[in-house]
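A closer look at the structure
The chain contents come next:
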Amino acid sequence: MSTRPLVAARPETIAEVTFDATLEERIVDLLRRYPTRRAAILPVLWLCQERYGWISPGVIRAVAQRLGESPAFVEGVVSFYTMYYTRPPARYVLQVCTTLSCAYCGGKELVEHLKGRLGISFGEKTPDGEFQLIGVQCLGACGGAPVVQINDDYFEQLDIKRLDGLLDELTGRR
Amino acid sequence: MEAVLLRARGVPDSRAIATYLAAGGYEGWKKALAMAPDAVTREVTDSELRGRGGAGFPTGRKWSFVPKDHPGPRYLICNADESEPGTFKDREIIEHDPHQVIEGIAIASYAVGAKTAYIYIRGEFVRWARILEEAIEEARRAGFLGKNGLGSGFDLDVWVHRGAGAYICGEETALLESLEGKRGFPRLKPPFPAVVGAFGKPTVVNNVETLACVPHIMTRGAHWFASIGRPRNTGPKLFSVSGHVNRPGVYELPLGVTFREIIHEHCGGIRGGRKLKAFFPGGTSAPIMTAAEVDVQADFDACAQAGTMLGSGGVIVLDETVDMVEAAANVAHFYAHESCGQCTPCREGADWCKDILDRMVEGHARAADPETLLRICRFSSSGMTICPLGDAYALPISSMVNKFREEFDRRIGTATPLPQKKLPVLPWAGPRPGFGV
């Protein structure tokens with residue numbers, strides 16, 4: 001299994017962020033692709049999330065300043081989408097699909113098992129900051145139901161045994 | 001039927017450009033470049049290709065709406081925001097044959113005169129965004145894309161743009177807003193994107209599967225494409241089948257095949273030898289169909305005639321063990337979560353439906369609930385909202401109530417009243433001295 005842990009969220013970015021040269025270079029490359037600076041908001045936010053681990057208030061202000069928008073506008077964009085972490089995420093974010101096909105092909109049991117094993121509900125993190133559980137809507141992989149996304153990777157046709165194996169592997173790697 | 005869109009599935013190293021070229025790849029692009037853009041559009045119009053994203057609008061006509069004399073830039077957008085529950089076909093194409101999509105994008109861009117194309121892909125598809133980026137880079141290095149592609153004098157840049165988790169961004173005008181860096185709120189139409197689209201310029205938005213059909217139309221001709229399927233419902237179609245079938249997956253079949261064939265022949269019937277109860281023919285946004293309707297043909301017109309829609313071809317199969325009230329609650333949860341919040345009938349209605357259905361599932365149904373659900377749905381469908389999400393929740397939920405009414409009514413018979421919450425008695429709400437209580 002090749003799932004990498006998420007970049008540790010940098011708490012100091014709450015206050016202020018300055019983009020370094022490598023990040024700035026990538027932003028310039030992104031800006032080339034669009035006729036407006038505003039269109040780069042989503043991709044630049046992705047870059048920042050990869051770099052700083054989350055979209056902190058400081059990141060929002062820095063992105064706004066770099067792209068010539070108000071922080072309120074960028075905040076509005078961030079809050080519309082579900083995939084930007086506005087709080088520091090765990091190292092492994094488990095997104096369990098709860099939509100129809102998954103729910104009826106073992107997803108409900110998977111959710112119960114995960115909540116029991118990790119001792120947390122949807123939206124919560126384990127106290128050690130390793131795992132976070134999110135109930136999500138359709139991941140677009142219904143043929144492989146039930147589906148769990150761990151960080152960037154999809155895991156399909158899961159059952160409790162396989163999922164336990166995956167979690168053991170992730171916990172063992174610490 | 002011979003595999004067309006999925007011909008690369010199972011071929012070793014199928015994503016590499018060398019493999020694609022060996023199978024006759026980019027021949028359609030060469031052929032298109034030798035033709036006038038109008039002639040390319042005409043060929044696609046003649047093939048009667050209809051959009052595979054859900055609406056089934058004729059692709060050639062969509063292209064022809066782009067104004068010919070517009071001076072500024074135009075854009076082509078490939079919609080890879082695949083988010084309709086039960087749909088996972090675009091991912092299959094990208095996984096096995098990304099160059100097919102890129103060639104389709106190139107041909108479509110040439111036909112409408114776009115020099116920049118964006119692939120808007122859902123944020124969760126990290127792996128598939130990477131596959132597309134690698135394929136674009138390969139195509140650029142091979143000289144098919146970029147400045148003066150194939151020495152034709154036609155410049156084309158293709159960029160991958162990742163969404164960030166919003167079902168609504170699959171709706172084309174919400175997609176445009178999102179691409180422009182805003183919240184994904186659908187726009188009022190008209191003006192249609194073909195006239196005022198991305199960045200205020202003429203824009204064509206086509207689904208991944210639609211664009212994947214285009215190279216084949218160019219190389220093998222409109223006539224060949226139109227010979228597959230039924231009149232006005234031509235070509236191969238990918239059906240994503242999930243739920244209680246023995247062999248879920250993506251199947252490439254000619255339009256006009258019956259749902260019985262899809263479910264019972266291709267997918268090996270219902271799991272555990274149980275009986276079919278109902279199925280969604282095209283994602284959960286399409287009205288549900290009962291087991292008695294399994295002989296309807298899976299194409300745009302036949303589904304419309306049967307009072308439902310083919311949508312994206314995402315067939316979700318439910319067996320006899322499924323409780324329809326629970327299934328309806330699950331569907332309502334999806335739309336309540338995904339409504340963008342712009343229009344009241346959708347934002348409030350989807351949420352009310354969710355609350356009512358949750359309460360019914362918990363055993364506290366009220367006598368008026370089924371009618372209330374139907375009334376909410378009526379207020380949210382047929383043009384009461386800016387985009388079709390209002391219909392997308394109202395049609396399936398009302399169809400579930402109508403077609404399985406006895407299950408909803410049964411809940412009422414066995415219901416207990418909702419336990420009343422005891423409000424806390426606040427210190428200052430007690431008897432007040434001097435008021436005689």
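Residues numbered from 1 in each chain as written. Chains lettered and ligands numbered in written order. Predicted model: local features only at pLDDT ≥ 70, side-chain atom pairs only at ≥ 80, totals over all residues.

**Description of the packing of helix α15 (residues 369–380) of chain B against helix α16 (residues 389–403) of chain B**
Two quantities define a packed helix pair, namely the angle between the helix axes and the distance between the axes. Residues and elements named next belong to chain B. It is the contact of α15 with α16, at a shortest axis distance of 8 Å, that shows an interaxial angle of 150°. With respect to each other, α15 and α16 are oriented roughly antiparallel. In the packing of α15 onto α16, the handedness of the crossing is left-handed. Residues Pro370, Leu373, Leu374, Cys377 and Ser380 of α15 lie in contact with α16, whose contacting residues are Gly390, Ala394, Ile397, Ser398 and Val401. Of the residues in the contact of α15 with α16, the class split is 7 nonpolar, 3 polar and no charged. (Axes fitted to C-alpha atoms, helices over the stretch in contact; angles between N-to-C directions. Helix = DSSP H or I, 4+ residues; strand = E, 2+ residues; numbered from the N terminus. Parallel < 35°, antiparallel > 145°, perpendicular 65-115°, else oblique. Left-handed = near helix turned anticlockwise from the far one by under 90°. Contact = placed C-beta atoms within 7 Å. Nonpolar A, V, L, I, M, F, W, Y, C, P; charged D, E, K, R; others polar.)

**Overview of the sheet that holds strand β4 (residues 203–207) of chain B**
All names here are of chain B. Taken in spatial order, the 4 strands make up an open sheet running β3-β2-β1-β4, and their pairing is parallel. Bordering the open sheet on either side are β3 (157–162) and β4, each of which pairs with just one other strand. Neighbour-to-neighbour, the strand axes of the sheet open up by a mean angle of 20°, direction not taken into account. (Pairing = 2+ DSSP bridges.)

**Quick word on unusual backbone geometry**
For the peptide bond that leads from Ala145(A) to Pro146(A), omega is -5°, which places it in the cis range. A cis amide bond links Lys189(B) with the next residue in sequence, Pro190(B), at an omega value of -10°. Topologically, Pro190(B) is positioned in the loop between α8 (172–179) and β4. The backbone of Arg232(B) sits at a positive phi, close to 65°, despite the residue not being glycine. On the secondary structure map, Arg232(B) appears in the loop between β5 (229–230) and β6 (233–234). Residue classification places Arg232(B) among the partly exposed positions, given that 14 C-beta atoms sit within 10 Å. (Buried ≥ 20, exposed ≤ 12 C-beta atoms within 10 Å, placed from the backbone.)

**Notes on the nonpolar core**
Membership of the largest hydrophobic core comes to 183 residues, with the highest contact counts inside it found for Phe279(B), Ala332(B) and Ile397(B). Apart from the residues within four sequence positions on either side, Phe279(B) is in contact with Phe259(B), Ile263(B), Met289(B), Val315(B), Ile316(B), Val317(B) and Leu318(B). (Core = buried A, V, L, I, M, F, W, Y, C linked by C-beta atoms within 7 Å.)

**A short note on the interface of chain B and chain A**
Contacts between the two partners involve 43 residues from chain B and, on the opposite side, 33 residues from chain A. Contributions of two or more residues to the side of chain B that touches chain A are made by β3, α8, β7 (236–243), β8 (249–254), β11 (314–319) and α13 (324–338) of chain B. Tallying contributions element by element places α13(B) first for the side of chain B that touches chain A, with 6 residues. Classifying every residue of the side of chain B that touches chain A gives 17 nonpolar, 17 polar and 9 charged.

**As for the sheet that holds β11(B)**
Residues and elements named next belong to chain B. Strand order in the open sheet formed by 5 strands is β8-β7-β11-β9-β10, with mixed pairing between adjacent strands. Of all strands in the sheet, those bounded by a partner on one side alone are β8 and β10 (289–290). With 2 bridges joining them, strand β9 (residues 276–280) and β10 adopt antiparallel strand pairing. Residue pairing across strands places Phe279 opposite Met289, the latter belonging to β10.

**Considerations on the environment of Ile17(B)**
Residues and elements named next belong to chain B. Within the element layout of this structure, Ile17 appears in helix α1 (residues 17–22). The spatial distance from the C-alpha of Ile17 to the C-alpha of Arg378 is 50 Å, given a sequence separation of 361 residues. Not counting residues within four places of it along the chain, the set of residues in contact with Ile17 comprises His99, Glu138, Ala139 and Ala142.

**Digging into the confidence of the model for chain B**
Averaged over every residue, the pLDDT of chain B is 95; the share at 70 or more is 97%. Scored as a whole, the predicted complex attains pTM 0.95, and scored at its interfaces, ipTM 0.96. (pLDDT = per-residue confidence, 0-100.)

**Here we look at the pairing of strand β1 (residues 75–80) of chain B**
Residues and elements named next belong to chain B. Across the 6 residues that make up β1, a large majority, 6, are buried. Side chains Tyr75, Ile77 and Asn79 of β1 all project onto a buried face; the interleaved residues Leu76, Cys78 and Ala80 project onto the opposite face, where all are buried too. One ladder, built from 6 bridges, connects β1 with strand β2 (residues 116–121); its direction is parallel. Looking at the pairing, Cys78 lines up with Ile119 of β2. Bridging between β1 and β4 involves 5 bridges; their strand directions are parallel. Bridge pairing in β4 links Ile77 to Val205.

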